[in-house]
Amino acid sequence: MQKAIRIQAMDNVAVALQQLSADEEVPVGQERIVLREDIPAGHKFALKDLSPGIEVIKYGYPIGKTTQAVKPGEWVHTHNLKTGLSEMLEYKYHPTPTLMEKRKGKSGEHFFMGYRRENDTVGIRNEIWIIPTVGCVNDIARALEQEAKRYLTDEIDAIAAFPHPYGCSQLGDDQLNTQKILTGLIHHPNAAGVLVLGLGCENNNIEEMKKQIGAYKENRVKFLVCQEWDDELKKGLELLRELVLYASGFRRERIPASELVVGLKCGGSDGLSGITANPVVGGFSDLLTKEGGTTILTEVPEMFGAETILMNRCVDKEIFDKTVALINDFKQYFIENNQPIYENPSPGNKKGGITTLEDKSLGCTQKSGTAAVEEVLAYGEAVKGKGLHLLNSPGNDLVASTALAVSGAHIVLFTTGRGTPFGAPVPTIKISSNTGLYDRKKNWIDFDAGKLLTGTSLEQMSAELYQLVLTSASGEKVKSEENGYRDFAIFKQGVTL
């Protein structure tokens, strides 16, 4: 197996692909570098003399500046490298010349077996969802979820509750924010039927929610105000049984892959994520968008340092301006809360070999592949078009994955070098950056992108992932579903009374 990789020819560091030892001679392209110290897998070492204040180049881009002299073969990490990023920036639009030629996606030869809903939307699961309007009824929602499992049939994939702590003591835009996220779940086509569960005295009561929900089909969406019934569990089970009967009428049918919407997310990354897992997901994204499908990239703070790559792939000046606002508005959010913009990567990221936010972002954004950026979505906004979209959301795994589902993602592709058990409201395919993680945590991980380091081509790996997505969209459960893991988190902003 290859011991280290220089990702781009202009890079002045290489990445260890396995644990390397001091005094070991390591081939890097045509060069042979003698290591001056141990280098953990996923971490960087210098390929040449680097003076203090010199830009360190990885992926062909700067990932920070040295804080002291570094000799060839020395470890490059937090002790001798710091971010080179600043706060608010001005940007100019320099569109990628050949990008427009590749934009037009057409429905191709790939299909999945999904559910065509009565409003002509498409789902990949036939589930019943219980959505509280307020955290006060969370335990009732959980009890209904457990009790209603007696009604499961072969036609129903799951009955799931989505508890959360909000819906009361919120004001203005903060309450509207909660309503938008709950509404996005209520309209999600993976839910064949929905029980909206209220208490009765909350700010976000059912009548207020209905103003945001808009049109709905009464057979599909039921409402229960717990304070209005002597036995809310009995009434809730009656309504859930009605929803199960309605949902049982749907059958899977052949649907073009162009109708798939897939969210792209990473978490617990390591130094190999930007070399294996994220490029494989990027290859998948290119395959799906070329076929007329839709992908959504989020985690705005993890675009900082790589944002110009995305900006120059915007389809026009209007989308470029939206992307600039996406980046600068999120920076302003940090500033207004008196927090450093570049307080990233996390401790786990650093342990895995990621040193600066530029390092993390240049790996993270590879999940977007090479497609044009077609649209920028606000937090809670539903996707309407095709192709690659950017979504306003923080990097937090649960919040960002929930945001992807709310915007319409049928599936979330989640790359990781550290491992995580969580699942989003929709099927969450875990993709490991290294084979060791895949072998150790097969109860969490669905796909091993580490094979990219042992001779499997990027094209083959991306095609294999595409097939896994189609299989999952056709009903095969992923590990998070098998484990019964579903997490739901709202990005709160504003005052709590």
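Computed from a prediction, not measured in an experiment: that's the story for all the values here. (Residues numbered from 1 in each chain as written. Predicted model: local features only at pLDDT ≥ 70, side-chain atom pairs only at ≥ 80, totals over all residues. Heavy atoms only, no water.)

Caption draft 1: Up close: the sheet that holds strand 19 (residues 373-377). Reading across from one edge, 19-20-18-17-21-22-23 is the order of the 7 strands in this open sheet, with parallel pairing throughout. Strand pairing shows two members of the sheet lacking a second neighbour, strand 19 and strand 23 (447-448), which therefore form its edges. Bridge count for strand 22 (residues 428-432) against strand 23 is 2 bridges, and the pairing is parallel. Bridge pairing links Ser 432 to Asp 448 in strand 23. (Pairing = 2+ DSSP bridges. Helix = DSSP H or I, 4+ residues; strand = E, 2+ residues; numbered from the N terminus.)

Caption draft 2: Region of interest: the sheet that holds strand 16 (residues 253-256). Strand order in the open sheet made by the 3 strands is 11-10-16, with antiparallel pairing throughout. The two strands at the open ends of the sheet, each matched to only one other strand, are strand 11 (122-123) and strand 16.

Caption draft 3: Focus on the pairing of strand 2 (residues 13-16). Burial along strand 2 is two-sided: the face carrying Val 13 and Val 15 and the face carrying Ala 14 and Ala 16 are both buried. Summarising the sheet, strand 1 (residues 4-5) and strand 2 pair through 2 bridges and their orientation is antiparallel. Pairing of Ala 4 across the sheet is with Ala 16, part of strand 2. Looking at chain direction, strand 2 and strand 5 (residues 44-46) are connected through 3 bridges and run antiparallel. Bridge pairing in strand 5 links Ala 14 to Phe 45. (Buried < 20%, exposed > 50% of the residue type's maximum accessible area, 1.4 Å probe, protein only.)

Caption draft 4: Region of interest: the packing of helix 1 (residues 138-147) against helix 4 (residues 232-247). For the pair helix 1 and helix 4, the least separation of the axes is 10 Å and the interaxial angle reads 50 degrees. If you check the angle between helix 1 and helix 4, you find them oblique. As helix 1 runs across helix 4, the sense of the crossing is right-handed. Taking contact as the criterion, the partners of Ile 140, Ala 143, Leu 144 and Glu 147 in helix 1 are, on helix 4, Glu 232, Leu 233, Gly 236, Leu 237 and Leu 240. In terms of residue class, the contact of helix 1 with helix 4 is built from 6 nonpolar, 1 polar and 2 charged. (Axes fitted to C-alpha atoms, helices over the stretch in contact; angles between N-to-C directions. Parallel < 35°, antiparallel > 145°, perpendicular 65-115°, else oblique. Left-handed = near helix turned anticlockwise from the far one by under 90°. Contact = heavy atoms within 4.5 Å. Nonpolar A, V, L, I, M, F, W, Y, C, P; charged D, E, K, R; others polar.)

Caption draft 5: Quick peek at the packing of aromatic side chains. Scanning the model with the defined rule gives 14 aromatic pairs in all. A ring pair is formed by Phe 304 and Phe 334, whose centres lie 6.4 Å apart and whose planes are at 65 degrees; its orientation type is edge-to-face. Within this pair, whereas Phe 304 is found in the loop between strand 18 (294-297) and helix 6 (307-311), its partner Phe 334 is found in helix 7 (residues 317-336), the two being separated by 30 residues in sequence. On the basis of relative accessibility, which here comes to 0%, the residue Phe 304 falls in the buried class. We classify Phe 334 as buried; its relative accessible area is 17%. (Phe/Tyr/Trp six-rings, centres within 6.5 Å; stacked < 30°, edge-to-face > 60°.)

The values are spatial; any link to function lies outside them.
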